[in-house]
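Given next are the chains, with one letter for each unit.
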Amino acid sequence: MTASTSNPFPGRAWLLLAVLALAGCSRPPAAEEPLRAVKVVQVGTSAYDTEPEFSAEVKARVESRLGFRVAGKIARRQAELGQHVQAGQVLAQLDPQDFRLAAEGARAAHAAALTNRDLSLADLKRYRELREQNFISGADLERRESTYKAAQAQLEQAQAQLSAQGNQTSYTSLVADVPGIVTAIEAEPGQVVAAGAPVVRIAQDGARDVVFAVPEDRAALVKPGSPVAVRGWSGGGELEGKVREVAASADAVTRTYSVKVAIDAATAPALGATVYARPKALSHNGTPVLKLPTSALRQEGSGSAVWVLDPASLTVRSQPVQVATADGNEAVIASGLMPGMLVVAAGVHVLSPGQKVSIYRDKSAAAPVAVR
């Protein structure tokens, strides 16, 4: 009789092997997210430090475009760009040949009219004597008087034409009517210009304006007479000016309003100099506001948001905020926060809602950094 070998626990063995196999194929437990350290700031009110400043240019209050009062070809141009000219100084000249010929013709016509008038006057005197002696009729005398009046009218017309032609000849010289600085040359010798076409631009001596542009939303705040501080781009002392004029309509391209500020001509920077203007009407210097570092802001949807820290649970939550403007490197918060809140100022890009964090402490500090 042959003895057979058998496993007393065949079912249990296979079960044990299956459990071990499943245990070997299962995933290891996920590692816990590290506790992130963040820097926080305590929301509080502080004074607004920045004043709005605009780039501006110094301009003459009156700038004239001068041109010839007659048409012609420019023969000479004496004025140069940047030159200071006096009243009565010749700036440019037209070719006067045609005007001289016209003036000579007017003088000849005047001489002919004068001779004709003198002859008519002599005839009138003789006819009056004949009338007194009853050698001619009254009708003949009236005809001679009419002839004399016509000759006198022709003489007056010739005199007017001669004076007008003399003026035309004098208009061939372009002279400065006021002292000032030549700021532009708009025509050159040899060029034929029409009457009134600009040839030279002159910035008149005297009052100076600082001209700059303000955005459409601030134009209503700048009133004529309000003070404006002006400082030079290259340094120097600060000047005080007053708003003289605000444009009635916005520029068609930039949609900004031009503002002219009157300053003292004696202390004004050079014409065309770049300066900076600070309208006092737009200043909020010293106004208490809520400010945060720009590093605390992040984009959320179509607006801005910050992470607010719950000091009890050390977890963060997202808080939408509205940014009013910037004050240096800080953002001025219009709404969304209250004084005393703790806001994450660094590390905002790696956080998620409800995440637990720790407050970063500067190891080099002798004592823990207090949250402000």
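Cut-offs applied
Residues numbered from 1 in each chain as written. Predicted model: local features only at pLDDT ≥ 70, side-chain atom pairs only at ≥ 80, totals over all residues. Heavy atoms only, no water. UniProt positions renumbered as here; feature names shortened; annotations may be inferred. Helix = DSSP H or I, 4+ residues; strand = E, 2+ residues; numbered from the N terminus. Salt bridge = Lys/Arg side-chain N within 4 Å of Asp/Glu carboxyl O. Expected span 1.5 Å × (residues − 1). Buried < 20%, exposed > 50% of the residue type's maximum accessible area, 1.4 Å probe, protein only. Core = buried A, V, L, I, M, F, W, Y, C linked by side-chain atoms within 4.5 Å. Contact = heavy atoms within 4.5 Å. Pairing = 2+ DSSP bridges.

1. Some details on the UniProt feature "coiled-coil region" (unreviewed entry) in the protein
Mapped onto this numbering, the UniProt entry annotates "coiled-coil region" (unreviewed entry) at residues 141-168. Structurally, residues 141-168 is divided into 100% helix and 0% strand, and its ends, taken at the C-alpha atoms, are 41 Å apart.

2. A word on the pattern of salt bridges
Applying the stated criterion to the full structure yields 16 salt bridges. Among the salt bridges present, the one from R244 reaches E245, with a minimum N-O distance of 3.9 Å. Beyond isolated ion pairs, a larger network of salt bridges with shared partners links E53, R231, E238 and R278.

3. Some details on helix α2 (residues 97-132)
Along its 36 residues, α2 runs 53 Å from first to last C-alpha, staying within 8% of the 52 Å computed at 1.5 Å per residue. Among the residues of α2, F99, A103, A106, H110, A113, R117, S120 and L124 are the ones counted as buried. Where α2 ends, the next residue or the one after it, N134, has phi of about 65 degrees, a positive value.

4. Thoughts on unusual backbone geometry
Residues other than glycine seldom take positive phi values, yet N134 does so here, at roughly 65 degrees. Note on placement: N134 falls in the loop between α2 and α3 (138-170). Positive phi, normally seen in glycine, also occurs at R255, with a value near 60 degrees. Following the sequence through the fold, R255 ends up in the loop between β14 (239-246) and β15 (256-263).

5. What to know about the nonpolar core
Residues V210, F212, V214, V230, V259 and V261 are the most contacted members of the largest nonpolar core, which totals 21 residues. Listed by contribution, the elements that provide at least two residues to this core are β3 (54-60), β12 (208-215), β13 (227-232), β14, β15 and β16 (274-279). At four residues, the largest contribution of residues to this core is made by β15. V210 has contacts with A56, E57, V58, V230, V259, K260, V261, I263 and V275, leaving out every residue within four places of it along the chain. Core analysis: the next-biggest nonpolar cluster, separate from the first, contains 18 residues, L174, V182, V200 and I202 among them.

6. What about the pairing of strand β5 (residues 72-77)?
The sheet contact formed by β5 and strand β10 (residues 192-193) spans two bridges and is antiparallel. Counted as the bridge partner of G72 is V193 from β10. Where β5 and strand β7 (residues 90-94) come together, three bridges link them in antiparallel fashion. Residue pairing across strands places R76 opposite Q93, the latter belonging to β7.

7. Describing α3
The end-to-end C-alpha separation of α3 is 48 Å, in line with the 48 Å expected for 33 residues at 1.5 Å each. Among the residues making up α3, those that are buried are L141, A151, L155, A158 and Q165. For α3, the elements touching its buried residues are α2.

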